[in-house]
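If you want the building blocks of each chain, they are given just below.
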Amino acid sequence: MAQRSRLSTGLCGIAGEYFVAAELSRRGYIASLTLRNTKGIDILASNTDATKSVGIQVKAIQGSGKEWMLNQKHETDIATNLFFVFIRLNDLLAPEYYVVPREEAAKYARDNHQRWLNTPGRNGQQHQDTPMRKFADPENKYLNRWELLGLD
């Protein structure tokens, strides 16, 4: 497998956004990257006649892992028509895209965090609560599920 040095966190995130926008465009959708001050939305995507649109938040990781970090705020975000696209940059191979409705990502993060809190740590101690959360898709349920965006 081709390898390269790791990107900084910022470059990884930016690369992820551009990869997702390019993939949306390749699939025939309109994809516009938002400005950095747009809260919770990295890409606005629509069908070609702009009758359907969604907001997308991109979370990118590098390497072979399949867990993405979220924050507690993602559990209660009330935005409608919002999706996460979790992207694994996969070194220099083709990226992997996981398209997840916001509500389902929030539920996974909330439930997973509660399980973690209820499970004793290595030395039997209780875990301390933190605002950090994780999302994973171990069964690849959301891998390349672009149709979930509902833009067709």
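Residues numbered from 1 in each chain as written. Predicted model: local features only at pLDDT ≥ 70, side-chain atom pairs only at ≥ 80, totals over all residues. Heavy atoms only, no water.

A. Just the overall build of the protein, in detail. Within the protein, the secondary structure is distributed over three helices and seven strands. Here the C-alpha radius of gyration of the protein, 16 Å, is about what a compact globule of 152 residues would show, namely 15 Å. For the protein, the C-alpha atoms occupy an extent of roughly 55 × 40 × 30 Å along the three principal directions. Here the protein holds 152 residues, and the buried ones make up 39% of them. At a minimum sequence separation of 6, the contacts of the protein that also span at least 24 residues come to 57%. Of the roughly 9000 Å² of accessible surface on the protein, 52% is carried by carbon and sulfur atoms. (Helix = DSSP H or I, 4+ residues; strand = E, 2+ residues; numbered from the N terminus. Rg over C-alpha atoms; globule rule 2.2 N^0.38 Å. Buried < 20%, exposed > 50% of the residue type's maximum accessible area, 1.4 Å probe, protein only. Contact = heavy atoms within 4.5 Å. Areas by Shrake-Rupley, 256 points an atom, 1.4 Å probe, with all protein chains shown as cover.)

B. Region of interest: the side chain of His113. Mapping His113 onto the fold places it in helix α3 (residues 102-118). Reaching out from His113, the side chain makes a polar contact with the side chain of Asp129 at a distance of 2.7 Å. (Polar contact = N/O pair within 3.5 Å; in protein donor to acceptor, adjacent residues only side chain to side chain.)

C. Molecular detail of unusual backbone geometry. With a phi angle near 60 degrees, Ala50 is a residue other than glycine that sits in the positive phi range. Summarising the element assignment, Ala50 is placed in the loop between β2 (43-46) and β3 (53-61). Even without glycine at this site, Asn90 takes up a positive phi of about 65 degrees. Under the relative-accessibility criterion, Asn90 is labelled buried at 10%.

D. Up close: the layout of surface pockets. There is about 540 Å³ of room inside the largest pocket. In terms of lining residues, the largest pocket is bounded by 23 residues, among which Asp42, Gln57, Val58, Lys59 and His74 are the most central. Listing elements by their share of the lining of the largest pocket, those giving two or more residues are α1 (9-26), β3, β4 (67-71) and α2 (73-76). A class-by-class count of the residues in the lining of the largest pocket yields nine nonpolar, seven polar and seven charged. (1 Å grid on protein atoms, 1.4 Å probe; cavity = no way out; pocket = protein on both sides within 12 Å on 5 of 7 lines; lining within 4 Å. Points joined across faces, edges and corners; volume = space filled by probe spheres on them. Nonpolar A, V, L, I, M, F, W, Y, C, P; charged D, E, K, R; others polar.)

E. How the structure looks around the pattern of salt bridges. Under the definition given, this model contains eight salt bridges. Across the pair Lys66 and Glu96 runs a salt bridge whose closest N-O atoms are separated by 3.8 Å. Here Lys66 is found in the loop between β3 and β4, whereas its partner Glu96 is found in strand β6 (residues 96-101), with 30 residues between them in sequence. Judged by its relative accessible area of 32%, Lys66 is partly exposed. (Salt bridge = Lys/Arg side-chain N within 4 Å of Asp/Glu carboxyl O.)

F. Looking closely at the pairing of β3. Examined bridge by bridge, β2 and β3 share four bridges and lie antiparallel to one another. Opposite Ser46, over in β3, you have Ser53 as the bridge partner. The antiparallel hairpin formed by β2 and β3 contains six residues in its connecting segment, where Ala50 sits at a positive phi of about 60 degrees. Two elements, β3 and strand β5 (residues 82-88), share seven bridges in a ladder whose sense is parallel. Across the sheet, the residue bridging to Ala60 is Ile87, located in β5. (Pairing = 2+ DSSP bridges.)

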